[in-house]
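# Close look at the chain arrangement
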Amino acid sequence: MAKLSRDTKAEPNVTAVIGVVYILITFFLLQANFKSAEVDLSLRLPVVGSARPVETHGQRGLLVLNIDKEGSLRIYGRPIQDLAGYIASEAHVARLAARIQPAVDGVTPELPTTIVIRADRATPFKMINRIITECQKNGFRRFALKAKPKES
Amino acid sequence: MGRRRAHRTQTDIELNLAAMLDMAFQLLAFFILTFRPNPIEGQISLRLPPPQATTVVNNAQAAGTDFDNSNPVEGVNTLTISVFANKSGMIDSLAVGEGQVPGLAALAGRLKTVFSDEGNPFDQVIIQVSDSCRYDELMKIVEVCTHQTLSNGKKLSKLSFVAIPNG
């Protein structure tokens, strides 16, 4: 039987392994959606058959508002105490981005941002209406009410 | 004449890939552990202007000008749907204008009848909802409304919400 000399090294060829690993890393990197952090996955959305996926039409911004079943607004997991202040500051940012002049003679100009409402199915209307009304006061008119499509 | 071929000694260059492989696996582990697929969600897109008076004053007739009452609804372009909820937030009763409707299917039928009438003046809907009404119950009404087609062929997307305080 042939005897291996002491200098013989057994080295596995890891080139293929590295190739596969980098492909996997690329996949997960591309799949990582950092915007999903703003979505509160603990909410149980209502089920609506005709709900359609988001249509942003390119450039328009989205402002996602998560409302839990007690009716409190949550942004990135944190409850917002000053609702009016938060909506007003977001409206200000949207106004600057769209280069829209602030309200003149009490008439609030319409903002192009879409308010995405993700509310728990058990949230009372009173709480949702409070938030919608505050958004309307600040010039938001486009709303998207989130729901689960029936088949999912 | 014999030519001597120069012997080139073959030097093996070995890259130490162990560290890179380690790092690659750590990155991979990180991405696998933090991987959270986006939930499949849909949405109903709406244009929600603040609630306004149900009569457009500019189009309305001045009092006393229409002696024959030839067009009594001119200027009224908003249809009102009332949604009354019970204490648990479920829909208790529904009404379109002043008339009660027994359920969602009847509501859809009534709205279809109203909007399919070519002479109908309505282009927006105000939904009056009890404070206690659950969001999923409200979405059923919104879904029925957004299925309606206006007399101009466009889908109804102009809705407003008004809260009815629970008595």
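These notes cover the structure that comes with them. (Residues numbered from 1 in each chain as written. Chains lettered and ligands numbered in written order. Predicted model: local features only at pLDDT ≥ 70, side-chain atom pairs only at ≥ 80, totals over all residues.)

## Brief notes about the overall build of chain B
When helices and strands are tallied, chain B shows three helices and six strands. When the helices and strands of chain B are read in sequence order from the N terminus, they spell out α-β-β-β-β-α-β-α-β. Classification of the 167 residues of chain B by burial places 22% in the buried group. The long-range share in chain B, meaning contacts at least 24 apart out of those at least 6 apart in sequence, stands at 66%. (Helix = DSSP H or I, 4+ residues; strand = E, 2+ residues; numbered from the N terminus. Buried ≥ 20, exposed ≤ 12 C-beta atoms within 10 Å, placed from the backbone. Contact = placed C-beta atoms within 7 Å.)

## Considering the sheet that holds strand 3 (residues 91-96) of chain B
Residues and elements named next belong to chain B. Here five strands make up an open sheet; going across it, the order is 4-3-2-5-6 and the pairing mixed. Two strands in the sheet have a free side with no partner beyond their single neighbour: strand 4 (99-101) and strand 6 (159-164). With strand direction ignored, the average angle separating the axes of adjacent strands in the sheet is 25°. Pairing between strand 2 (residues 78-85) and strand 3: five bridges, direction antiparallel. Note that in strand 3 the partner of Ile81 across the bridge is Val96. Across the sheet, helix 2 (residues 104-116) lies against strand 2, strand 3 and strand 4, angled at about 10° from strand 3, the strand it touches most. (Pairing = 2+ DSSP bridges. Axes fitted to C-alpha atoms, helices over the stretch in contact; angles between N-to-C directions.)

## Some thoughts on helix 2 of chain B
Residue and element names in this part refer to chain B. The first and last C-alpha atoms of helix 2 sit 18 Å apart over 13 residues, in line with the 18 Å expected at 1.5 Å per residue. Within the span of helix 2, buried status applies to Leu107, Arg110 and Leu111. Considered in projection along helix 2, the buried side chains sweep an arc of 100° and stay on one side of the axis. Opposite the buried face of helix 2, at more than 90 degrees from it, the exposed residues are Ala105, Thr113 and Ser116. (Expected span 1.5 Å × (residues − 1). Arc of directions from axis to C-beta.)

## Section: the interface of chain A and chain B
Facing 46 residues of chain A, the contacting portion of chain B comprises 41 residues. Residue assignment for the side of chain A that touches chain B shows that the elements contributing at least two residues are helix 1 (15-31), helix 3 (125-137) and strand 5 (140-147) of chain A. With nine residues, helix 1 of chain A is the single largest residue contributor to the side of chain A that touches chain B. Taken together, the residues that form the side of chain A that touches chain B break down as 28 nonpolar, nine polar and nine charged. Note: strand 5 of chain A against strand 1 (residues 42-47) of chain B, six bridges, orientation antiparallel. In the strand pairing of strand 1 of chain B, Lys146 of chain A is matched with Gln43 of chain B. (Nonpolar A, V, L, I, M, F, W, Y, C, P; charged D, E, K, R; others polar.)

## Some words on the sheet that holds strand 3 (residues 78-79) of chain A
The strand order 3(A)-2(A)-1(A)-4(A)-5(A)-1(B) describes an open sheet built from six strands, whose pairing is mixed. With partners counted over all chains shown, the strands left at the sheet margins are strand 3 of chain A together with strand 1 of chain B, one partner each. Packed on one face of the sheet, helix 3 of chain A meets strand 1 (62-67), strand 2 (73-75), strand 4 (111-119) and strand 5 of chain A and runs near 155° to strand 1 of chain A.

## Overview of helix 1 (residues 18-34) of chain B
With 17 residues, helix 1 of chain B should cover 24 Å at 1.5 Å per step; its first-to-last C-alpha distance of 24 Å lies within 8% of that length. Little of helix 1 of chain B is tucked away: zero of the 17 residues are buried.

## Here we look at the pairing of strand 2 of chain B
Side-chain direction in a regular strand flips from residue to residue, so the side chains alternate between the two faces of the sheet. All names here are of chain B. Along strand 2, the buried face is formed by Leu79, Ile81, Val83 and Ala85; none of Thr78, Thr80, Ser82 and Phe84, which line the opposite face, is buried. Of the pairings in the sheet, the one linking strand 2 to strand 5 (residues 124-130) comprises six bridges and is parallel in character. Bridged to Val83 within strand 5 is Val129.

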